Amino acid sequence: YWLHSSNEVKRNFRFLSLTMVGIGLLQLFFVITVGNLAYFEAVGGMYDLLGEGQYWRLLTGAYLHYSVMHYAINFFLLLSVGVLSVALVGSFPSLFVFLLGNVAGVFCQYAWGEQVLGSVGGVSFGIYAVSTLLIVKSLNDKLLPVAITFKIVTLVLFGIISSEILSTNAATVGHIAGVVIGGGVALLLFITDKLLKKSGHAKNSASINKL
């Protein structure tokens, strides 16, 4: 009922939809005008160019996709998990983790993953990061029913394992990097929240003692 009636959820859905549509239309424009390979060579996560020091590609590489199916799967996953994360965890943490997860995923796949295609792409790194952020925050703060949280856990595990089994080009190292980023930021938020509450409790106790 909340998913279908909340204005905040609807706004998040529209924002994430427009974001992915924009990413898709931009790539489609360049595919039509110069070709997908030329677009990847221009701004994609090309391993040889990253090796030459073009590290700015870490910021852009994840937003290129190899096929319509690759793009559509990421679109669906981002809407499925991203809407929940933005609504329950917050827009800034979710966006920050999504962007950081994409950068970390491209870098880790380049540094330690298999380099079959000669490049890396897809926002699945950021999606896995946001998913793990939501999972850890939900378990810590009881944001969702436990059953739903573990369904998201299942979705993450299924995505990583199935892509590894079904494709020789799966960016598994990058996916795991996204999971680590999401979990790490969630734990950092948890520790920060505990410290702030402890500090606030200490101040309140000091004020009571003065009275």
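Structure's up top.
Here the structure is a predicted model, which means the values were calculated and not measured.

**Examining the overall build of the chain**
- When you go through the chain residue by residue, the secondary structure sums to 10 helices and two strands.
- Projecting the C-alpha coordinates of the chain onto the three principal axes gives extents of approximately 75 × 40 × 30 Å.
- Looking at the chain as a whole, 43% of its 211 residues are labelled buried.
- Sequence separation of at least 24 residues holds for 75% of the intrachain contacts in the chain that already meet a minimum separation of 6.
- Approximately 11900 Å² of the chain is accessible, and the part contributed by carbon and sulfur atoms is 72%.
- For the chain, the distance from the average position of its 12 positive side-chain charges to the average position of its 8 negative side-chain charges is 23 Å.

**What about unusual backbone geometry?**
- With a phi angle near 55 degrees, Lys142 is a residue other than glycine that sits in the positive phi range.
- Tracing the sequence through the fold places Lys142 in the loop between α8 (124–141) and α9 (146–166).

**With respect to the pattern of salt bridges**
- In the structure shown here, the tally under the stated rule is two salt bridges.
- Note that Asp141 and Lys137 form a salt bridge whose closest N and O atoms lie 2.9 Å from each other. Taken together, the residues span about one helical turn, with Asp141 and Lys137 both in helix α8 at a distance of four residues.
- Overall, Lys137 belongs to the buried group, its relative accessible area being 14%.
- For Lys197, the salt bridge identified is with Asp193, shortest N-O distance 3.3 Å.

**Points about the packing of α8 against α9**
- For the pair α8 and α9, the least separation of the axes is 10 Å and the interaxial angle reads 150 degrees. Regarding the angle of α8 to α9, the classification is roughly antiparallel. Note that α8 runs across α9; the crossing there is left-handed. Listed contacts from α9 to Tyr128, Ser131, Leu134, Ile135, Ser138 and Leu139 of α8 are Thr149, Phe150, Ile152, Val153, Val156, Gly159 and Ile160.
- Here the residues of the contact of α8 with α9 are counted per class, giving nine nonpolar, four polar and no charged.

Conventions adopted
Numbering of residues starts from 1 in each chain and follows the order in which that chain's sequence is written. Given that this is a predicted model, residues contribute local features only at a pLDDT of at least 70 and side-chain atom pairs are listed and counted only at 80 or more, while totals for whole chains, interfaces and linings are drawn from all residues. To obtain the side-chain values, all non-hydrogen atoms of the structure were used and water was disregarded. Strands are runs of DSSP state E lasting at least two residues, helices are runs of H or I lasting at least four, and both sets are numbered from the N terminus onward. The buried label goes to any residue with under 20% of its type's maximum accessible area, the exposed label to any with over 50%, and the partly exposed label to all in between, with areas taken from a 1.4 Å probe on protein chains only. We call two residues contacting when some pair of their heavy atoms lies within 4.5 Å. Areas reported as accessible are Shrake-Rupley estimates using a 1.4 Å probe. Residue values count occlusion only from the protein chains shown. Only four residue types enter the charge count, namely Lys and Arg as positive and Asp and Glu as negative; His and the chain termini do not. All charge positions are set by atom: Lys at NZ, Arg at CZ, Asp at CG, Glu at CD. Only one rule defines a salt bridge in this text: a Lys or Arg side-chain nitrogen within 4 Å of an Asp or Glu carboxyl oxygen. All axes are obtained by fitting lines to C-alpha atoms, using only the stretch in contact for helices, and the reported angles, taken between N-to-C directions, cover 0 to 180 degrees. Just so you know how the angles are binned, under 35 degrees is roughly parallel, over 145 roughly antiparallel, 65 to 115 roughly perpendicular, and the rest oblique. For any helix crossing, the convention is left-handed if the near helix is rotated counterclockwise from the far helix by under a right angle, and right-handed if that rotation is clockwise. In this classification, Asp, Glu, Lys and Arg are treated as charged, Ala, Val, Leu, Ile, Met, Phe, Trp, Tyr, Cys and Pro as nonpolar, and every other residue, Gly included, as polar.

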